[in-house]
Amino acid sequence: MNILSLENVSKNYGIKPLFENATFGIEDRDKIGIIGANGSGKTTLLRVIAGTETPDVGKVVRTQGQTLAYLAQNPPIDDEATVLETIFAASGGVMKIIADYETACHDLAENSADEKILERVFALQHELEISGGWEIETNARIVLDKLGIYDTSAQMKTLSGGQRKRVALAHELIFKPDILILDEPTNHLDADTIEWLEDYLRRYTGALLLVTHDRYFLDRVTNRIFEIDRGAVQAFGGNYAYYLEKKEEQDTNRAVEGHKREQLIKKELAWLRRGAKARTRKSKHRINAAYDLMAQPKERQKSEIDIAIGSQRLGSKIIELCGVSKSYGDRKLIDDFSYLLKRDDRIGIIGANGAGKTTLIEIVTNLIQPDSGAVEIGQTVKIGYYDQESRALNDEQRVIDYIRETAEYVTTIDGSQITAGQMLEKFLFPPAAQYSVIANLSGGERRRLYLLKILMDAPNVLLLDEPTNDLDIPTLIALEEYLDDFPGALIVVSHDRYFLDRTIDSVFKFLDAGKIREYAGDYSAYLETNEREEAERKESEKRKAEASAKVSAEKLSGSAAAKTETAAAKKLTFKEKRELETIEANIPKNETRLAEIAVELNKYATDSYKINELYGEQQKLSEKLENALERWTELAERDV
């Protein structure tokens, strides 16, 4: 069912047209990824669809009664509100009951002796049962847990930018609108959380529109792709891989058609130069057709970023970390870490948010001092540090002046020299944009400019902290190709699994208590190792549980046998003997099943329906096992 339509929508930014005459419809089960170069209008299109911006021309029509939620890159948030108030803001009905219930539970935890609060909790529990709100409440708890939101009483002004974004995301996911619009939802999330969100959105029952640079995410979640390219919005029916196939076919066909057109123009020009022998009606028609053909505008060539910057020679000694440790208060981020960086290292650093990944990078760059240990850097090392905040950008400075601070001329890979302005053009900043102030750039353009600044300094050791945030896919592809031939060492902190797979050959993962473990291979190889070890761990736990159940049964059996030696009990009837045999056979089975349920609860932690089903089975089975053991003890004592 069509729930939203755009009819001949156009939008300009100043004198620059972003998209023109965009016409398409959105179905109730569509999962749409919007892609395009930075500054092409992706975010603006989302705002127009969401209704927070009006189109210059055309209209947006939404089916009556359909709810819509829009998560912006920097969502507006009330700083004085608590996390809980923000998550359930502007929500009524069941959502209001859940918010009140969560508040009451928090109050009860702080004052467990208050009978009024206890009565309030019981009353709200009853309201949730009547309204069918427990399923939503379970979903809310899963969402909050997976997004790392634990202190719901904290004020929003105390949170970091990434934490604020996760709270806003939780609000939209729990709200479950008919149309969910997400602008760069994977920013500020670690890889594990992205995988959970990917699975969550795959099962989402409403319509979904999202802008993201995460190509794995696009491929696994979407079933349609909208591309904004040179002012046109084109729809592709399929995921990201399907889009790539069709786009390649289109580019091939355009190249063929362009070649045919050029050949025809050459032929017609040659005919015109020779001159017609007689000016017949047919000849005049051909002359007019030839001029019309030559007058047709050529298709604008798609601009592509060109990273062709050289680097400096790197000596034998690069960087050595010797017993580095770092703590903040009682929290140890890095514990006695040592590593000798090699020339051809391609390292990806992963871990939960706040684990210490950026701290390690900034210890290497001497921006943060370790509590203990040392960092030794070779004399020929030239570090290029691309930090995730782009702190070196000055909003009041012109683009060209910012780049000229580093160099007026740049040496490219082939050894030639070009001006700073020419280098900016290679990074898709035309002359007109070069004299604009940095404050006027989009988020992606700012990051692209910052990347150019880092690379222009010709580093031979690159430290990239979340380089994929806000960069468009074409820029990421160009950066990946540049890194393929980069002659120095590379360390990347990133949550982008595709980027890691393309650029690294070893993974450093932050574990608990500041420990760092190295895995050989790219990110996919790390996942395979992690999954194999997790399966082995669960199998080991299952075997231990089965062994424990067997020992427990044997102890009970031995205890009962001992009691029968001294007890003068009434002999069992034939029926009771059969009952005892049945109970003895079922107890180990039930204990084994309880162990299996414990494993499955961990496995299906993101599936609220399965969790509820397993909890119900666990409760019934535990009660059944307890009764069976009591009855078994009673019968065994009499079975002399």
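Look up: the structure comes first, before these words.
Residues numbered from 1 in each chain as written. Predicted model: local features only at pLDDT ≥ 70, side-chain atom pairs only at ≥ 80, totals over all residues. Heavy atoms only, no water.

Asker: Honestly, the nonpolar core in this entry has me stumped. Any pointers?
Answerer: Note on soluble globular proteins: their nonpolar side chains tend to be buried together. Core analysis: the largest hydrophobic core is formed by 53 residues, its most contacted members being Ile87, Leu173 and Leu201. If you tally residues by element for this core, the top one is helix H3 (residues 94-110), at seven residues. In contact with Leu173, not counting residues within four places along its chain, are Asn139, Val143, Leu180, Trp196, Leu197, Tyr200 and Leu201. Ranked by size, the runner-up nonpolar core spans 47 residues in total, among them Leu393, Tyr402, Leu500 and Val507. (Core = buried A, V, L, I, M, F, W, Y, C linked by side-chain atoms within 4.5 Å. Buried < 20%, exposed > 50% of the residue type's maximum accessible area, 1.4 Å probe, protein only. Helix = DSSP H or I, 4+ residues; strand = E, 2+ residues; numbered from the N terminus. Contact = heavy atoms within 4.5 Å.)

Asker: Looking at this structure, how should I read unusual backbone geometry?
Answerer: Although it is not a glycine, Asn21 adopts a positive phi angle of roughly 55°. Mapped onto the elements of the fold, Asn21 is located in strand E2 (residues 16-27). Take Asn21: its relative accessible area is 52%, and that puts it in the exposed class. At Glu184, a position not held by glycine, the phi torsion is positive, near 50°. Residue classification places Glu184 among the buried positions, given a relative accessible area of 6%.

Asker: What exactly am I supposed to notice about the sheet that holds strand E17 (residues 461-465) here?
Answerer: Within a sheet, each strand pairs with its neighbour through backbone hydrogen bonds, oriented either parallel or antiparallel. With respect to topology, six strands assemble into an open sheet ordered E14-E17-E18-E12-E19-E20, the strand pairing being mixed. Looking at the sheet topology across the chains shown, the edges are occupied by strand E14 (383-386) and strand E20 (516-520). Averaged over all pairs of adjacent strands, the angle between their axes in this sheet comes to 15°, without regard to strand direction. Of the strand pairs in this sheet, E17 and strand E18 (residues 489-493) are connected by five bridges, and their pairing is parallel. Looking at E18, one finds that Leu462 is bridged to Leu490. Relative to the sheet, helix H15 (residues 443-456) contacts E14 and E17, its axis offset from that of E14 by approximately 170°. (Pairing = 2+ DSSP bridges. Axes fitted to C-alpha atoms, helices over the stretch in contact; angles between N-to-C directions.)

Asker: Is there a simple way to explain the pairing of strand E6 (residues 179-183) in this structure?
Answerer: Regular strands place side chains that alternate from one sheet face to the opposite one. Buried residues dominate E6, accounting for five of its five residues. Every second residue of E6 is oriented toward a common face, with Ile179, Ile181 and Asp183 on one face and Leu180 and Leu182 on the other, all of them buried. As judged from the four bridges shared by strand E5 (residues 68-71) and E6, these two strands associate in the parallel manner. Residue pairing in the sheet places Tyr70 in a bridge with Ile181 of E6. As defined by bridge partners, E6 adjoins strand E7 (residues 207-211) across five bridges and the pair is classed as parallel. Each residue of the ladder has a partner; that of Ile181, found in E7, is Leu209. A crossover links E6 with its parallel partner E7, the connecting element being helix H7 (residues 191-202), and its sense is right-handed. (Right-handed = clockwise from strand over helix to strand, strands pointing away.)

Asker: How should I be thinking about the packing of helix H5 (residues 134-146) against H7 in this particular structure?
Answerer: Helix packing for two helices is described by the angle between their axes and how far apart those axes are. Where H5 contacts H7, the two axes come as close as 10 Å, and the packing angle between them is 150°. Judged on the interaxial angle alone, H7 and H5 are roughly antiparallel. In this structure, H5 contributes Asn139, Ile142, Val143 and Lys146 to the contact, and H7 contributes Thr193, Trp196 and Tyr200. The class makeup of the residues in the contact of H5 with H7 is four nonpolar, two polar and one charged. (Parallel < 35°, antiparallel > 145°, perpendicular 65-115°, else oblique. Nonpolar A, V, L, I, M, F, W, Y, C, P; charged D, E, K, R; others polar.)

Asker: Before we go on, may I ask you to explain the side chain of Thr152 in this structure?
Answerer: Its location among the elements puts Thr152 in the loop between H5 and helix H6 (161-175). For Thr152, a relative accessible area of 18% corresponds to the buried category. Excluding its chain neighbours within four sequence positions, the residues that come into contact with Thr152 are Thr82, Val83, Leu84 and Leu144.

Asker: Help me out: how do you make sense of the side chain of Asp387 in this one?
Answerer: On the secondary structure map, Asp387 appears in the loop between E14 and helix H12 (399-404). The class for Asp387 is buried, based on a relative accessible area of 5%. One polar contact links Asp387 to Tyr450, side chain to side chain, over a distance of 2.6 Å. Beyond its immediate chain neighbours, meaning those up to four positions away, Asp387 contacts Arg447, Tyr450 and Asp465. (Polar contact = N/O pair within 3.5 Å; in protein donor to acceptor, adjacent residues only side chain to side chain.)

Asker: So what exactly am I meant to see when it comes to the environment of Ala50 here?
Answerer: With respect to the helices, strands and loops of the structure, Ala50 is situated in helix H1 (residues 42-50). As a C-alpha pair, Ala50 and Leu68 span 18 residues in sequence and 7.3 Å in three-dimensional space.

Asker: In this structure, what is going on with the packing of H5 against H6? I would like to understand it.
Answerer: Where H5 meets H6, the closest approach of the two axes is 10 Å, and the angle between their N-to-C directions is 155°. By the angle between their axes, H5 is roughly antiparallel relative to H6. Remark: the crossing between H5 and H6 carries right-handed chirality. Contacts from Asn139, Ala140, Val143 and Leu144 of H5 reach H6 at Ala170, Leu173 and Ile174. (Left-handed = near helix turned anticlockwise from the far one by under 90°.)

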